[in-house]
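Residue-level structure breakdown
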Amino acid sequence: MSILCGTDLSDASSGTLDVACALAVARGDREVVLVNVVDPAHASEQDLAAARGKLDALTQGRTGPTIRTELVVGPADRTIVGLAETEHCDLIVIAARSATAAKVGLTTYNVIAHAHVPVLVVRDPAPWLELPNRARPLKLLLGMDDTATSEIGVQWVQALRARASIEVVLAGIYYPDEASERYGLEMRSAVEGDPAIEQLMERDMLRRFGGDLTGVVARARRGLGRIGDHINELAEAEKVDVIVVGTSQKTGLGRLGSVSSVIVHEAETSVLCVPPQAVVSTFTVPILRGVMVATDLSAFSNRAVPWAFAVAEPDAEIHVVHVVKDDEQVDVPEVTRALFALAPAGAKQIIRAHIVHGDDAALAIAQCAARLGVDVICIASHGRSGISRALVGSVADRLLRATRMPVLVLRPA
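Our subject in this report is the structure included herewith. (Residues numbered from 1 in each chain as written. Predicted model: local features only at pLDDT ≥ 70, side-chain atom pairs only at ≥ 80, totals over all residues. Heavy atoms only, no water.)

**As for unusual backbone geometry**
- With a phi close to 65°, Leu9 is a non-glycine residue in the positive phi region.
- Residue classification places Leu9 among the partly exposed positions, given a relative accessible area of 22%.
- Positioned with a positive phi, Lys239 is a non-glycine residue whose angle comes to about 55°.
- Along the chain, Lys239 falls in the loop between helix H8 (227–238) and strand S9 (242–246). (Buried < 20%, exposed > 50% of the residue type's maximum accessible area, 1.4 Å probe, protein only. Helix = DSSP H or I, 4+ residues; strand = E, 2+ residues; numbered from the N terminus.)

What follows is the structure in structure tokens.
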């Protein structure tokens, strides 16, 4: 793979090639494709010759990766995006603004909105130039949520960490009402931060990031307005060099999505935008050190318990959960013994039993899993459909909608 660097030959984009080359050296890339796109209205032979001279001058006297120049006539945004695909580039480096734009140029905005590979929008080239010699760690803020692009962003950052010295701040923004519902906690305040929620969120972000956590910190912040504004504020407070954020690439006026659009336009630092179509190599894989299995203690639902032990690491915690109605009275010691007795003989994992109250079993399971911070939930499903499912309901089916975690559903034999 290689890096595509877009330039309009202006002073505003003068540092982008330096950044692209520094990244190429750090990643071990052999080539950088330097592209200047000429507007058809200014594509006379004289204009093209002048542009060619300036483009070639940018490559003179450089060491490091090979720089291949491309001078193309056409619409700038579509041409850059198209070249990135045809040249099999996995990263686009472009300046935040053009010679005439104060914040974010229209070309830059459109490239982010349509590219199928990550786009690095450069505001300050200086921090990136230290990457090859590891003289100074690059400080990076990774915005995390439950979208697929957030996971792609995690893998992109992990890949760069394998090649360069990187410090990472994991950022999560929450709204108290939604977060309280997710974790099954009582909402304390609608305007102030909740330490209990923030502790759980920071734990979850670190676990999701995975790998070596040296130089990695997590920050959860209460949201009152736009998430993008909170991310930018946190980036400024943490003095990071770049923000990594996923883009939803919606259609119409909001085609970048509200969060990424605010960050790209308002951030004071460089921004790496990761689109949902990006293909990024997996550098870390989930390690299942916390597994929940839910059972109503029937013979059928108990069949899910061995599967929880099957997927878990030998040193993992297995949480065996039984849900009872809010007003139901149970013999806690007896039920607890029954839950422990479900563990397979010779199991090496740590077994923990939980009796959870809730009239909605699926919601109670989802909230308990969130509080415990497990990696996967195991549950048996009777596999009902049609009228039977409508009348009886399916805890497994509702659980899939209630939780953000992976769910292993054991189907009927």
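Moving on, there is more to tell.
**Quick notes on the nonpolar core**
- Membership of the largest hydrophobic core comes to 67 residues, with the highest contact counts inside it found for Leu23, Val93, Leu120, Leu142, Leu170 and Ile377.
- Discounting residues that sit within four places of it in the chain, Leu170 has contacts with Leu142, Met144, Met205, Leu206, Phe209, Val216, Val217, Ala218 and Arg219.
- Grouped together as the second largest cluster of nonpolar side chains are 35 residues, Val117, Val121, Val240 and Val245 included. (Core = buried A, V, L, I, M, F, W, Y, C linked by side-chain atoms within 4.5 Å. Contact = heavy atoms within 4.5 Å.)

**A short note on the pattern of salt bridges**
- The final tally for this structure, using the stated rule, is 20 salt bridges.
- For Arg68, the salt bridge goes to Glu31, with nearest N and O atoms at 3.0 Å. Of the two residues, Arg68 is situated in strand S3 (residues 66–73) and Glu31 in strand S2 (residues 31–38); the sequence distance between them amounts to 37 residues.
- Asp360 is the salt-bridge partner of Arg398, the closest N and O atoms lying 4.0 Å from each other. Of this pair, Arg398 sits in helix H14 (residues 395–402) while Asp360 sits in the loop between strand S13 (350–357) and helix H12 (361–372), and the two are 38 residues apart along the sequence.
- Residue class for Arg398 comes out partly exposed when judged on its relative accessible area of 31%.
- Classification of Asp360 as partly exposed rests on a relative accessible area of 34%. (Salt bridge = Lys/Arg side-chain N within 4 Å of Asp/Glu carboxyl O.)

**Considering the pairing of strand S5 (residues 119–122)**
- Here S5 shows a buried face lined by Val119 and Val121 and a second buried face lined by Leu120 and Val122.
- In this structure, strand S4 (residues 89–95) lies alongside S5, joined through four bridges in parallel fashion. Looking at S5, one finds that Ile92 is bridged to Val119.
- Here S5 pairs with strand S10 (residues 270–274) via three bridges, running antiparallel. Paired with Leu120 across the strands is Leu272, a residue of S10. (Pairing = 2+ DSSP bridges.)

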